[in-house]
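Remarks on the overall topology
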Amino acid sequence: FGRMKPVIVVHGGAGRIFKEREEGCRAGVVRAALRGYGILKQGGSALDAVEEAVRSMEDDPHFNAGCGSVLNEKGEVEMDAIIMDGKNLDSGAVSAVKCIANPIKLARLVMEKTKHMLLTDHGAHLFAQAMGIPETPGEKLITERSRERWKKNLEPDSNPEEFQNEGNVACATSTGGLSNKLIGRVGDTACIGSGGYADNHSGATSTTGHGESIMKVVLARLILYHMEQGMSPEMAADTALDYMKTRVGGLGGVIVVSNSGEWAARFSTKQMSWATVKDDQLQYGIYAGERHTKSVDEALASESEGF
């Protein structure tokens, strides 16, 4: 579909975002979107852009991915990630991985260096070693906040951290999962069609929210199905989220890009941090109906001063 203009959409997870964390979440999704957009502007691939944007959020303790991931029942970090290429439907994912700073990088290697799509736990660990990925001590990924939440045994403000973009279309998602989850629990993120899906014939999407509900309705693929039936990204997102709510009582959020460069960021939870860049315009928000707009130049300037 010719050279469309680069578009990138990012989300930092749906759920409850506490007041004192709002600014950090806004700044984090904006930074991720700007980084991904920078790669697209330099002629980089959609895959490189989505991977970089996710990596930036894995390294930011405000998000439930990489450093800052929530802890499982045993008090450990177990992370899931997926990446998908809309050109040929290639995908790579990892689940229940520990002691790695950037699971998204490992997911990309699974896609490019193996014949498989999903490696889990011990096998993913062995593959990471074979690929020369440095080990990060588990404690390094645990923040004070995650430990506090674990002690309180909070039900999650399930805040997976994800993102997606398009040029060729691609999607990438990374998460620490649900707080106090059972050991070995794998949610929607690592599952193709649930946590994300990308197909150049229609578009790309990445989801966030209650993983088990998302898996029941195969949310990412459902949204693209609605788009294939002629719905706009916004309409497709709302229709699928509404179905998930009425059918299985699940709440969540999604970001979507069509193959023509239309985008949407929609959610049925109270909040979802999101950001997008298109035509050198940055837009971002957290609450329903909230949308700030800045030029990319202005955003990059305030970025270098710290938000």
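Residues numbered from 1 in each chain as written. Predicted model: local features only at pLDDT ≥ 70, side-chain atom pairs only at ≥ 80, totals over all residues. Heavy atoms only, no water.

Let us now look at the pattern of salt bridges. Taken as a whole and assessed by the stated rule, the structure comprises 20 salt bridges. Residues glutamate 112 and arginine 108 are paired through a salt bridge, measuring 2.9 Å at the closest nitrogen-oxygen approach. In this pair, glutamate 112 and arginine 108 both sit in helix α3 (residues 103–113), 4 residues apart, roughly one turn of the helix. For glutamate 112, a relative accessible area of 45% translates into the label partly exposed. Overall, arginine 108 belongs to the buried group, its relative accessible area being 12%. For aspartate 238, the salt bridge identified is with arginine 266, shortest N-O distance 2.8 Å. On the criterion of sequence distance, the pair formed by aspartate 238 in helix α9 (residues 233–248) and arginine 266 in strand β10 (residues 263–267) is long-range, its members being 28 residues apart. For aspartate 238, a relative accessible area of 28% gives the class partly exposed. (Salt bridge = Lys/Arg side-chain N within 4 Å of Asp/Glu carboxyl O. Helix = DSSP H or I, 4+ residues; strand = E, 2+ residues; numbered from the N terminus. Buried < 20%, exposed > 50% of the residue type's maximum accessible area, 1.4 Å probe, protein only.)

In this section: the nonpolar core. Note that soluble globular proteins tend to have their nonpolar side chains buried in a common cluster. Core analysis: the largest hydrophobic core is formed by 27 residues, its most contacted members being Ile83, Val94 and Leu106. If you list the elements that add at least two residues to this core, you get α2 (46–58), β2 (79–85), β3 (90–97), α3, α4 (121–130) and β6 (169–175). Looking at this core, the element that brings in the most residues is α3, giving 6 residues. Residues in contact with valine 94, not counting those within four places in the same chain, are Met79, Asp80, Ala81, Pro103, Leu106, Ala107, Val110, Leu118, Leu119, Ala124 and Ala190. (Core = buried A, V, L, I, M, F, W, Y, C linked by side-chain atoms within 4.5 Å. Contact = heavy atoms within 4.5 Å.)

With that settled, the discussion passes to the side chain of asparagine 102. Mapped onto the secondary structure, asparagine 102 falls in the loop between β3 and α3. For asparagine 102, the residues in contact, after removing those within four places along its chain, are Arg55, Glu58 and Asp59.

Quick look at the pairing of strand β1 (residues 7–15) now. Most of β1 sits out of view: 9 of its 9 residues are buried. Relative to strand β11 (residues 271–278), β1 runs antiparallel, the two being bridged by 7 bridges. Bridged to histidine 11 within β11 is tryptophan 274. (Pairing = 2+ DSSP bridges.)

Pairing between strand β12 (residues 281–287) and strand β13 (residues 292–295): 4 bridges, direction antiparallel. Along β13, the bridge assignment pairs tyrosine 284 with histidine 292. The hairpin turn running from β12 into β13, its antiparallel successor, is 4 residues long, and glycine 289 in that turn takes a positive phi close to 80°.

What follows covers helix α1 (residues 22–41). With 20 residues, α1 extends 28 Å from end C-alpha to end C-alpha; this agrees with the ideal 28 Å at 1.5 Å per step. Burial analysis of α1 places 15 of its 20 residues in the buried class, the great majority of the element. (Expected span 1.5 Å × (residues − 1).)

Turning next to the sheet that holds β10. The 4 strands lie next to each other as β7-β8-β9-β10, forming an open sheet whose pairing is antiparallel. Two strands bound the open sheet, and with one partner strand each, they are β7 (196–199) and β10. Sheet twist, expressed as the mean angle between neighbouring strand axes with direction ignored, is 5°. (Axes fitted to C-alpha atoms, helices over the stretch in contact; angles between N-to-C directions.)

Moving on, we come to the UniProt feature "binding site: substrate" (unreviewed entry) in the protein chain. UniProt's feature table lists "binding site: substrate" (unreviewed entry) at Arg185, Val186, Gly187, Asp188, Thr208, Gly209, His210 and Gly211, given in the numbering used throughout. The topology assignment puts histidine 210 in the loop between β8 (203–209) and α7 (211–217). The exposure class of histidine 210 is partly exposed, given its relative accessible area of 34%. Residue class for glycine 211 comes out buried when judged on its relative accessible area of 1%. Discounting residues that sit within four places of it in the chain, glycine 211 has contacts with Arg185 and Asp188. (UniProt positions renumbered as here; feature names shortened; annotations may be inferred.)

Time to look at the packing of helix α8 (residues 219–228) against α9. Interaxial distance between α8 and α9 falls to 8 Å at its minimum, and their mutual angle equals 135°. As far as their axial angle goes, α9 and α8 are oblique. Note on packing geometry: the crossing formed by α8 with α9 is right-handed. On the side of α8, the interface is formed by Leu219, Leu222, Ile223, His226 and Met227, while α9 contributes Pro233, Ala236, Ala237, Thr239, Ala240, Leu241, Tyr243 and Met244. The residue inventory of the contact of α8 with α9, partitioned by class, reads 11 nonpolar, 2 polar and no charged. (Parallel < 35°, antiparallel > 145°, perpendicular 65-115°, else oblique. Left-handed = near helix turned anticlockwise from the far one by under 90°. Nonpolar A, V, L, I, M, F, W, Y, C, P; charged D, E, K, R; others polar.)

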